[in-house]
Amino acid sequence: MTSQPPCQRPSHSLSLSRRRDGWWSVRQALLERDRVIDNLKQKFHNKEKEVDNLLQRNSYLAREVRYRNEVIQHLNQKLAELEADQQEAREKIRSLLNRQALAVPPSKNIAQPTVGIGPFRQMSRLTREMNVSNKQLRSTVHQALTDMKNQLEQLKGAVGKMTLGEQEVAKEVEELRSLYRKEAVERKTLFNKLLELQGNIRVFCRCRMTTASSSCLETPDDQEVVVVQKGNRKKFQFDKIFPQSRTQEDVFAGTVPVITSCVDGYNVCILAYGQTGSGKTYTMMGSKENPGVNIRSGQLTLWSFRENISMLEIYNENLNDLLRKSSDAALDIRVQGKSVSLWVRKLTINSIVFLSLSSRSHLVVALEVEGSDQVSGLTSRGTLTLCDLAGSERISKTEAEGQRLVEAAAINKSLTALGQVHQGCNALHIPFRNSKLTLLLQPCLSGDAKCCVFVNVSPDIKDVAETLSTLHFGSTIRQVSLGKAAQNIVPAKNNKTDK
Ligand SMILES: Nc1ncnc2c1ncn2[C@@H]1O[C@H](COP(=O)(O)OP(=O)(O)OP(=O)(O)O)[C@@H](O)[C@H]1O
């Protein structure tokens, strides 16, 4: 009797390799879509050029028809003038002959005319010659008119054909546009699937620059960071590690796929979490010479898109609108159905300023993005929320008292609430109302959003406890993934919807 092999659960590495295979095949499909879309764009531009050429030719032909009509009109006028001249000449000859006849008295015996026959003959010859040349002229003008009319008919035929051709090309352009639209939508779906496979919450770890000779951090590869404390080594894994050597460009490049997803119509949130002085503001805002994610994402032009911006500070559980001149009225968050209105005041992206804010407050910058694709005619709307959180150090470390203690308690409360929201985001009830921060971030932390969290850490040995705490926070939220995102796409005004 043969024994049955024990039933085994698929190993973790097996599920990882399946996930990788899935990711790889989606990536291949996405590249293929990109090729098809490029091809369609090329065809579309060629057709547009064809239409331009046809329009140019058409307007040339129309001008030609107008010119020929004018020539015909002119020739007709000349002909009429000639006929009038001829008539006048005939009249003159007739009156001359009459006058001559009257000058000669009638005689019974007309043997010899009293006036010589010479001038009379000459006049007759002249009249004949004039008649002949007149006939020739008339026939030439008639011929020219007939030719001209024929040419005009031909031109009219060509214009008719051209109009038909234009209609056909316009139809082809519309078909191409519809195909492009379909491909673009499929591309977006694939791109989103790719992001979902990578995880709707992505956690990046950024190590701050230091001049110290020793560091408590090691980065063996771009997904692992090791904290060395008194000979102990604690490993943490993240979606991406940015060691000290990584520039602002590198860091921003890591967020571009998620930001692209915002332009595709998803709500996106980028957060920077870490202790005071760990580089959160440098990552998010940066300096004038080395701008951070906030400024760079505002300058990113993926599509032609319109943006509005709002900038808020949460200090001691109170909201301040940083773009408002007077601060008389207290701000509040309005919950409309499931979405929270972040919009307090709207300015253009150029209004972003480099702020030096208290490290005891959270800074929330929200960009409302509306992208419209000129070719497909589709419009999508998303919100990009960029958040520089207050320092995460524990109250015991800050040894705070008085006002500092109040601030630390408020920060602690909101950051704990943020952790709870991340941990509970697959549950039925998500505790968004536990703090102003989570209530404000609700639209970009709930099911229809994608989130990217930077855990900023200091490599200084004296900060190792806070570094460990920050990395634990990052690891915990990395375990959680947001629900399937819902896209906010609407057909553009005056544009046909996709077939
Ligand atoms: N990657 C980096 N490269 C160069 N300088 C950096 C880097 N990260 C941080 N710094 C510098 O370190 C200092 C502290 O950084 P930063 O102010 O961004 O920290 P923070 O976490 O925002 O602190 P706070 O909580 O007080 O706002 C700043 O002078 C900043 O310019």
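Residues numbered from 1 in each chain as written. Predicted model: local features only at pLDDT ≥ 70, side-chain atom pairs only at ≥ 80, totals over all residues. Heavy atoms only, no water.

The name given to the chain in an unreviewed UniProt entry is Kinesin-like protein, with Mola mola as the source organism.

For the rest of this paragraph, the subject is the overall build of the chain. The helix and strand tally for the chain stands at ten helices and 14 strands. The proportion of buried residues among the 499 residues of the chain is 41%. Within the chain, contacts between residues separated by at least 24 positions form 76% of all contacts whose residues are at least 6 apart in sequence. When the accessible surface of the chain is totalled, it reaches about 28600 Å², and 52% of it is carbon and sulfur. (Helix = DSSP H or I, 4+ residues; strand = E, 2+ residues; numbered from the N terminus. Buried < 20%, exposed > 50% of the residue type's maximum accessible area, 1.4 Å probe, protein only. Contact = heavy atoms within 4.5 Å. Areas by Shrake-Rupley, 256 points an atom, 1.4 Å probe, with all protein chains shown as cover.)

Counting buried residues along strand β1 (residues 201-207), seven of its seven residues qualify, which places the element largely inside the surrounding structure. As paired elements, β1 and strand β13 (residues 449-457) share seven bridges and run parallel to each other. Paired with Arg206 across the strands is Asn456, a residue of β13. Across three bridges, β1 lies against strand β5 (residues 240-242) in parallel orientation. Bridge pairing in β5 places Arg206 opposite Phe242. (Pairing = 2+ DSSP bridges.)

Our next topic: the state of the cysteines. Across all of its chains, the model carries zero disulfides by this definition. Among the cysteines around Cys205, which has no disulfide bond, Cys207 carries the closest sulfur, lying 4.5 Å off. (Disulfide = S-S within 2.5 Å.)

This next bit is on the sheet that holds strand β2 (residues 217-221). The sheet built from three strands is open, its strands ordered β2-β3-β4 with antiparallel pairing. Since the sheet does not close on itself, it has two edges, and those belong to β2 and β4 (232-237), each with one partner. Strand-to-strand twist of the sheet, defined as the mean angle between neighbouring strand axes without regard to direction, takes the value 25°. By the bridge criterion, six bridges tie strand β3 (residues 224-229) to β4 in an arrangement that is antiparallel. When the sheet's bridge partners are listed, Gln229 is paired in β4 with Asn232. Of the strands in this sheet, β2, β3 and β4 touch helix α10 (residues 464-478), which is tilted by about 150° from β3. (Axes fitted to C-alpha atoms, helices over the stretch in contact; angles between N-to-C directions.)

What follows covers the nonpolar core. Residues Cys205, Phe238, Leu271, Leu418, Leu441 and Leu471 are the most contacted members of the largest nonpolar core, which totals 42 residues. By size, the runner-up hydrophobic cluster in this structure holds 26 residues, among which are Phe204, Val263, Ile270 and Leu384. (Core = buried A, V, L, I, M, F, W, Y, C linked by side-chain atoms within 4.5 Å.)

Mapped onto the present numbering, the UniProt feature "binding site: ATP" (unreviewed entry) falls on Gly274, Gln275, Thr276, Gly277, Ser278, Gly279, Lys280 and Thr281. Take Gly274: it is sitting in strand β6 (residues 267-274). Judged by its relative accessible area of 0%, Gly274 falls in the buried class. For Gly277, the location among the structural elements is in the loop between β6 and α4 (280-284). (UniProt positions renumbered as here; feature names shortened; annotations may be inferred.)

For the coordinates displayed, the defined rule picks out 13 salt bridges. Salt-bridge contacts for Glu91 lead to Arg94; the nearest nitrogen and oxygen are separated by 3.3 Å. Here Glu91 pairs with Arg94, and both are found in helix α1 (residues 12-103), just three residues apart, close to one helical turn. Judged by its relative accessible area of 40%, Glu91 falls in the partly exposed class. (Salt bridge = Lys/Arg side-chain N within 4 Å of Asp/Glu carboxyl O.)

Now for α10. Here α10 spans 21 Å end to end across 15 residues, near enough to the 21 Å set by a 1.5 Å rise per residue. Residues Val464, Glu466, Thr467, Leu468, Thr470, Leu471, Phe473, Gly474, Ser475 and Ile477 constitute the buried set of α10. (Expected span 1.5 Å × (residues − 1).)

As a further point, take helix α3 (residues 248-263). Taking 1.5 Å of rise per residue, 16 residues should cover 22 Å, and α3 covers 21 Å from first to last C-alpha, within 8% of that figure. Residue Val256 marks the point of greatest curvature in α3, where the axis turns by about 45°; the proline Pro257 follows within four residues. For α3, the set of buried residues is Gln248, Val251, Phe252, Gly254, Thr255, Val258, Ile259, Thr260, Ser261, Cys262 and Val263. (Bend = angle between axes of the 7 residues up to and from the residue.)

This part takes up the packing of aromatic side chains. Taken as a whole and judged by the stated rule, the model has four aromatic pairs. Taking the centre distance of 3.7 Å and the plane angle of 0° together, the rings of Tyr273 and Phe473 count as stacked. Of this pair, Tyr273 sits in strand β6 while Phe473 sits in helix α10, and the two are 200 residues apart along the sequence. Here the two residues Tyr273 and Phe473 agree in accessibility, since each one is buried. Taken together, the ring pairs in this structure connect Phe204, Phe242 and Phe454 into an aromatic cluster. Stacked on the ring of Phe236, the Lys or Arg Lys234 has its end atom at 5.4 Å from the ring centre. A cation over an aromatic ring shows up here: Lys450 above the ring of Tyr266, its NZ or CZ 4.7 Å from the ring centre. (Phe/Tyr/Trp six-rings, centres within 6.5 Å; stacked < 30°, edge-to-face > 60°. Lys NZ or Arg CZ within 6 Å of the ring centre and 35° of its normal.)

This part is about the side chain of Glu224. Inspection of the secondary structure assignment puts Glu224 in strand β3. Notably, Glu224 is buried but unbridged: the nearest opposite-charge side chain belongs to Lys235, and the N-O separation is 4.5 Å. Polar side-chain contacts of Glu224 include one of 3.3 Å to the side chain of Gln237. Here Glu224 is in contact with Glu218, Thr219, Lys235, Phe236, Gln237 and Ile241, once residues within four sequence places are set aside. (Lys, Arg positive; Asp, Glu negative; His and termini not counted. Polar contact = N/O pair within 3.5 Å; in protein donor to acceptor, adjacent residues only side chain to side chain.)

Our focus in this paragraph is the confidence of the model for the chain. Here the chain averages 75 in pLDDT, while 74% of its residues score no lower than 70. Mean pLDDT across the elements of the chain bottoms out in strand β10 (residues 339-341) (36) and peaks in β5 (95). Scored below 50 in pLDDT, residues 1-10 makes zero contacts in the model with residues more than four places away or belonging to other chains. Low confidence marks residues 482-486, where pLDDT is under 50. Its contacts with residues over four positions away, or in another chain, come to 26 contacts. (pLDDT = per-residue confidence, 0-100.)

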